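Fold and geometry: a report
Now for the letters of each chain:
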Amino acid sequence: MKRKMLFWPLLLLLLIPNHIAFADEKNSPEQLAEQVIEPSYLYILKQWKEVGIDNASPYERAISPTDFLSVPESDLLPLNESKGYEDQVFSWKDQKSITVEVDVEEEGLYELGFDYFPLGEGIVPIEGSIEVNGSYPYYESRRILFPKDWKSASTKFEKDRFGDEIIPKQVPIEEWHYVKAEDSSYLHSRPLKFHLKAGKNTIKLSNLRGEMLLGNVYVDSVGTIPSYKEYLEQNKGELIEDAMVTIEAEHPTKKNSSFIRPVNRQDASVVPYKRDSRLLNVIGGESWEQSGQSATWNIEVEEDGYYNISLKVLQEKQTSFPVYRTVMINGEIPFEEVEHYGFQQEKNWKNETLSDDKGEAYSFYLKKGTNTLTLKVDASPVNRTLFEIDQVMQGIEELSLSIKQLTGNSQDRSRGWRITEYLPDIEDRLLNWATALDKESEYLLELSEGQEAVEVVSLNIASERLRTLAESPDEIPSRLTQLSEGSSSVAQILGNAILDLKKQPLFMDRIYIHGDEKLPKAELGFFAKTKESVLKFFHSFQSNTLATEDVEDDVVDIWVNRPRQYVELMQNMADQQFTPETGIKVRFSIMPSEQKLILANAANSQPDLALGISTWLPYELAIRGAAYDLRQFDDFGETVGRFSPGAFLPMIIDDSVYALPETQDFFVQFYRKDILNALDVPVPDTWDDVVEVLPELQRFGLNYYTPIAGAVAFKPFQATAPFIYQNQGDLYVENGMGTSIDSDETIKGIQFMTDLNTIYSTPLQVPNFYNHFRYSTLPIGVANFQTYVQLTAAAPEISGWWDIAPHPGVMQEDGTVSRWATGSGQAGMIFNGSKNKEQAWELLKWWTSTEIQTDFATTLQIMYGPSYMWNTSNLEAFAQLPWPEEHKEVILEQWEQLMEVPKTPYTYMIEREISNVWNRVVFDGENTRSAVDDAVVTIDREMRRKMEEFGYMKDGKIIKPYHIPTIEQVESWVEENDE
């Protein structure tokens, strides 16, 4: 939806004057825009309603795989390979499609369902798309999910060395599933509807990602849910008054997301609770806040009848807005009133008996024996608001681009503009947006029962700001920071509101199935809580289990610069695998900051091993004698082959290596397949290709992103070095005593880097490429691992419609493409002052090994979700990660040309001066050669000072050369080991 709302107006408003040059009558901009993106589901529903298309009469049809039109009989799996389906099934994978034909007597709206058996490791989601009669009916049909259910491998929580409970391993439930096609963002509470005409219709299901067995395809009339009154009439029975079943919520039977997990609340009101250990005693929070996530519990009752259901919950959403859950009994919503059940914010735990608006408890009919209770996260009550905010944001983006085209992006406050002459409806647009936001603010206020939540306040602020801008529309060119740019702009305020509205966090401690029985109190009394707070205060001086502290001499002390969940998992893996195998005891601690390493070394209280540190830090410590040379270990040559040779360059001094790469970044091209395909723009392979496609992109108000635009004033090596290396340039002279940025090859790279902005008009500054990529204004560009995680975990609406390609490069004389780029990640190093160097080396080898890195990465994602992606530097382990295969291939190909910038004592000055050269050329119009010559003088002056400080020069004369490390040097170590 978001992409259509932006791209469609852009093409119409900005580009219609050029449409004759764009294409012939068969491919006009208007038609092209519709090919790029379809209207949203909500928009299409309104259209259907306006023209009188309604739900069809009761209808049901099951289509067997043997009746799939596009599948030959030989492609169907036999019964013995159908996983117990008792019919032939189709192996749906590798972008394959199936087509079914259905003949309906009545035109109307229908629902589609599927029998499926998920295959594969289960982390990469199974995604497909649905076309009806040759086209996507709406944008949401481009991505349909087929979720997998998960359970804990053990119902009992094991404990770690500190007595804290450990989240058990999560395993997929291997069984056949049935699902009706739903919006992949789960912002619509009911299954998607599809319009079928009277007579024959074709339905095409295409694979986007993942693998599963496909059974029957179902075409049904739209399902209904009874009212509570109707529900009571359907199920005859009485309230079982003396019932009391208590279920610990942290033990669900199954869930549809592996990372819905039990967590610890160190709160005496929670059951169970121990002051001296961290028990996993509640479920939910941030792991159970995404719409569509569901957890299911088994309920055992002794007799048929009606029961009340109470949930002991804590709703502490920081914005004070309510959260919602859909209640399901035995897999179905029993009645409409619990389809969107709201939980208002509370400061304390509360026994929430599921009740109506008047406080009358609902009765739920349960059969004797085992029943199931499912609670599904539900953000659909705010979907209408999200839709309106989206429309306003896309309108703002469109207006902002129009203004920039008219003004040349000039924000000179001393210059006057008559924007209203070119955009006469600008005032009406702003006021209409403000009115729309006011209506949604009133709606949200009703949902929050009159409480002014942050979301309500945000909409009010945005509305007020739009009205203020409407008072003086001709001043908007100099006030774009209030409209669309910057942290306090209307666009940013609305963007934050969208994120807040979508989140639906809820903690749950217990479930009670009961009659008239009195429930245990949800909160301790005042005196009991006060007593417990005092005892916890004194206990806190003894129990910071992962804090850095002194350890015994025979224990390897490891400091890790990562959050608690990472360190806990590392410690548990070491306790379960490394220590039993080697007999070496290890203790992991959370490093408060990297700066503490330097201070600890100065005080001789450093750890044996540090992990998760920046790649520049080992060099800084090594040149001051604090890091140990890993090449002193006999089996170093066996270990170095695990990594990209270019990743070692910042960690080398002369012939010594002071760290191993632990994680690794990557810079690749991200591109929107739908946008580029519709515009017939190829994915660039070289920078010359980029220059060729830029006019076509810019003609449509689009552009190409480079990391230069992502940096603010200072341009780091990650943004500048690739241009130099790809043009065969260098940063240092051969003996290391000076810079070579004034060489012809390096200047050629710097010149092109500045030309991208001065001649080819790529963006100067882009605060957030991820957002622009989602909203289509920058449908292609070079970005890194962080962007990959964001798009994978936080942009479900474009999943399957973006891809990656290698970094654009420079064509060489031999026909190859030079794509050299940096890839700084994190590293691990051993301290020179360690008394356990051999043991620390064994741990470092174990930790960076293929098996452990693969296990750690997979476990991390299963337990904590898709945003916890682990970009291991171990190449073999990376190839086994639960990422899309096609993406891993691109990244591994790019890593073949990974080249980090080698370190010298004065490297920081080269980095700074290259950044200054860019600023002087782009902003001041200075000649590139002249700017570089000035930079060389400054760099050489600093070089002499730093080289004297570290003993390489004295009185301006070279005492000993400084060897600049090379990739060939690292590769020679691998070859020596192979021999």
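Keep in mind the model is a prediction, meaning the values are calculated, not measured.

Quick word on the overall build of the protein
- The number of helices and strands found in the protein is 30 helices and 40 strands.
- By the compact-globule yardstick of 30 Å for 979 residues, the protein fits well, its C-alpha radius of gyration being 31 Å.
- Projecting the C-alpha coordinates of the protein onto the three principal axes gives extents of approximately 100 × 75 × 65 Å.
- By residue count, 58% of the 979 residues in the protein fall in the buried class.

Side note on the environment of Val567
- Along the polypeptide, Val567 turns up in helix H13 (residues 564–582).
- By relative accessible area, Val567 is classed as buried at 0%.
- Beyond its immediate sequence surroundings of up to four residues, Val567 is in contact with Leu546, Val560, Arg562, Phe588, Ser589 and Ile590.

Quick word on the sheet that holds strand S32 (residues 668–672)
- The strand order across the open sheet built from 4 strands is S33-S34-S32-S35, with neighbouring strands paired in mixed fashion. One side of each edge strand has no neighbouring strand; the edge strands of this open sheet are strand S33 (704–705) and strand S35 (802–805).
- Docked against the sheet, helix H23 (residues 785–794) engages S32, strand S34 (780–783) and S35, running at close to 160° with respect to S35.

What about the packing of helix H21 (residues 744–758) against helix H28 (residues 907–924)?
- In contact at an axis separation of 10 Å, H21 and H28 are set at 40° when each is read in the N-to-C sense. In terms of orientation, H21 and H28 fall into the oblique class. At the point where H21 passes H28, the crossing takes the right-handed sense. Between H21, through Ile750, Met753, Thr754, Asn757 and Thr758, and H28, the contact on the second element is made entirely by Ile914, Val917, Trp918, Val921 and Val922.

Some words on the sheet that holds strand S38 (residues 826–830)
- Taken together, 5 strands build an open sheet; the order of strands is S27-S26-S28-S38-S31 and the sheet is mixed. Each of the sheet's edge strands pairs with one partner strand only, and the pair in question is strand S27 (585–590) and strand S31 (660–663). Across the sheet, the mean angle from the axis of one strand to that of its neighbour is 25°, orientation sign disregarded.
- Inspection of the sheet shows strand S28 (residues 609–614) paired to S38 by 4 bridges, in the antiparallel sense. Residue pairing for S38: Leu609 is matched across the bridge by Ile830.

Thoughts on the packing of aromatic side chains
- The tally for this structure, following the rule as stated, stands at 55 aromatic pairs.
- Relative to Tyr218, the ring of Tyr178 lies with its centre 5.5 Å away and its plane at 80°, an arrangement referred to as edge-to-face. One end of the pair, Tyr178, is in strand S10 (residues 177–180); the other, Tyr218, is in strand S13 (residues 212–221), and 40 residues separate them in sequence.
- In this structure Tyr218 comes out as buried when scored by relative accessible area, which is 16%.
- Judged by centre distance (5.4 Å) and plane angle (55°), the rings of Phe769 and Phe773 are tilted. Placement of both Phe769 and Phe773 in helix H22 (residues 769–774) is noted, with a separation of 4 residues, approximately one turn of the helix. The residues Phe769 and Phe773 share a single accessibility class, namely buried.
- Here the aromatic cluster, defined as three or more aromatic residues joined through ring pairs, consists of Tyr566, Phe578, Trp846, Trp847, Phe856, Tyr864, Tyr868 and Trp870.

What about a negative patch on the surface?
- On the surface, a cluster of negative charge is contributed by Glu238, Glu241, Asp242, Glu302, Glu303, Asp304, Asp516 and Glu517.
- Relative to the assigned elements, Glu517 resides in the loop between strand S25 (506–514) and helix H12 (526–539).

Things to note about the nonpolar core
- By size, the foremost hydrophobic cluster in this structure holds 157 residues, and its most contacted members are Phe588, Phe670 and Leu731.
- Not counting residues up to four positions away in its chain, the partners in contact with Phe588 are Leu546, Ile558, Val560, Val567, Met570, Gln571, Ala574, Leu611 and Leu843.

Here's the deal with the pattern of salt bridges
- In this structure the tally under the stated criterion is 39 salt bridges.
- A salt bridge links Asp575 to Arg161; its shortest N-O distance comes to 3.0 Å. Note that Asp575 is positioned in helix H13 and Arg161 in the loop between strand S8 (150–152) and strand S9 (170–172), a separation of 414 residues in sequence.
- Take Asp575: its relative accessible area is 24%, and that puts it in the partly exposed class.
- Here the salt bridges do not stand alone but share partners, grouping Arg278, Arg564 and Glu568 into one network.

Quick word on unusual backbone geometry
- Residue Pro272 is reached from Val271 by a cis peptide bond, and omega for that bond is -5°.
- Along the chain, Pro272 falls in the loop between strand S16 (262–263) and strand S17 (282–285).
- Phi is positive for Asn133, close to 50°, though the residue is something other than glycine.
- You can call Asn133 partly exposed: its relative accessible area is 33%.

Digging into helix H4 (residues 41–50)
- Taken together, the buried positions of H4 are Tyr41, Ile44 and Trp48. Seen along its axis, H4 keeps its buried residues to an arc of 60°; they face one direction. Of the exposed residues in H4, the ones pointing more than 90 degrees away from its buried face are Lys49 and Glu50.
- Elements that come into contact with the buried residues of H4 comprise strand S5 (108–118) and strand S11 (194–196).
- Phi for Gly52, located one or two positions after H4, is positive at around 85°.

Topic: the pairing of strand S6 (residues 127–132)
- Most of S6 is tucked away: 6 of the 6 residues are buried.
- Burial along S6 is two-sided: Glu127, Ser129 and Glu131 facing one way and Gly128, Ile130 and Val132 facing the other are all buried.
- The pairing of S6 with strand S7 (residues 144–145) spans 2 bridges and is classified as antiparallel. The residue of S7 that forms the bridge with Glu127 is Leu145.
- The pairing of S6 with strand S12 (residues 199–209) spans 6 bridges and is antiparallel. Along S12, the bridge assignment pairs Glu127 with Arg209.

Some remarks on helix H27 (residues 885–895)
- Every buried residue of H27 is listed here: His887, Lys888, Val890, Ile891, Gln894 and Trp895. Projection of H27 onto a plane perpendicular to its axis shows the buried side chains occupying an angular sector of 160°, all on one side.
- The elements touched by buried residues of H27 are S12, S32, H23, S35 and helix H26 (875–878).

Remarks on the environment of Gly122
- Positionally, Gly122 belongs in the loop between S5 and S6.
- Linking Gly122 and Trp150, residues 28 residues apart in sequence, is a C-alpha distance of 9.3 Å.
- Every residue in contact with Gly122, bar those within four places of it in the chain, is listed here: Lys148 and Trp150.

Observations concerning the pairing of strand S20 (residues 323–329)
- Buried residues dominate S20, accounting for 7 of its 7 residues.
- Both faces of S20 are covered, namely the face carrying Val323, Arg325, Val327 and Ile329 and the face carrying Tyr324, Thr326 and Met328.
- In this sheet, strand S21 (residues 341–343) lies alongside S20 in antiparallel orientation, the contact comprising 3 bridges. Bridge pairing in S21 places Arg325 opposite Tyr341.

What to know about the packing of helix H20 (residues 717–726) against H21
- Between H20 and H21, the shortest axis-to-axis distance is 7 Å and the interhelical angle comes to 125°. Between H20 and H21, the angle falls in the class oblique. Pair H20 / H21 crosses with right-handed handedness. Judged by residue contacts, Ala719, Thr720, Phe723 and Ile724 of H20 engage Thr746, Gly749, Ile750, Phe752, Met753 and Leu756 from H21.
- In the contact of H20 with H21, the residues fall into 7 nonpolar, 3 polar and no charged.

Some words on the side chain of Glu913
- Here Glu913 is to be found in helix H28.
- An unpaired buried charge is present at Glu913: no salt bridge exists, and Arg920, the closest side chain of opposite charge, is 4.1 Å distant.
- In contact with Glu913, other than residues within four places in its own chain, are Arg920, Ala935, Thr938 and Ile939.

Points about the environment of Trp433
- For Trp433, the location among the structural elements is in helix H8 (residues 426–447).
- Trp433 gets classed as buried once you look at its relative accessible area, which sits at 11%.
- With 40 residues separating them along the chain, Trp433 and Met393 place their C-alpha atoms 9.2 Å apart.
- With near-sequence residues (within four places) excluded, Trp433 lies in contact with Val392, Gly395, Ile396, Leu399 and Leu466.

Criteria and thresholds
- Residues numbered from 1 in each chain as written.
- Predicted model: local features only at pLDDT ≥ 70, side-chain atom pairs only at ≥ 80, totals over all residues.
- Heavy atoms only, no water.
- Helix = DSSP H or I, 4+ residues; strand = E, 2+ residues; numbered from the N terminus.
- Rg over C-alpha atoms; globule rule 2.2 N^0.38 Å.
- Buried < 20%, exposed > 50% of the residue type's maximum accessible area, 1.4 Å probe, protein only.
- Contact = heavy atoms within 4.5 Å.
- Pairing = 2+ DSSP bridges.
- Axes fitted to C-alpha atoms, helices over the stretch in contact; angles between N-to-C directions.
- Parallel < 35°, antiparallel > 145°, perpendicular 65-115°, else oblique.
- Left-handed = near helix turned anticlockwise from the far one by under 90°.
- Phe/Tyr/Trp six-rings, centres within 6.5 Å; stacked < 30°, edge-to-face > 60°.
- Patch = residues over 30% accessible without salt bridge, like charges linked within 9 Å, V, L, I, M, F, W, Y side chains within 5 Å.
- Areas by Shrake-Rupley, 256 points an atom, 1.4 Å probe, with all protein chains shown as cover.
- Salt bridge = Lys/Arg side-chain N within 4 Å of Asp/Glu carboxyl O.
- Lys, Arg positive; Asp, Glu negative; His and termini not counted.
- Charge placed at Lys NZ, Arg CZ, Asp CG, Glu CD.
- Core = buried A, V, L, I, M, F, W, Y, C linked by side-chain atoms within 4.5 Å.
- Arc of directions from axis to C-beta.
- Nonpolar A, V, L, I, M, F, W, Y, C, P; charged D, E, K, R; others polar.

This is a description of form; function is not addressed.
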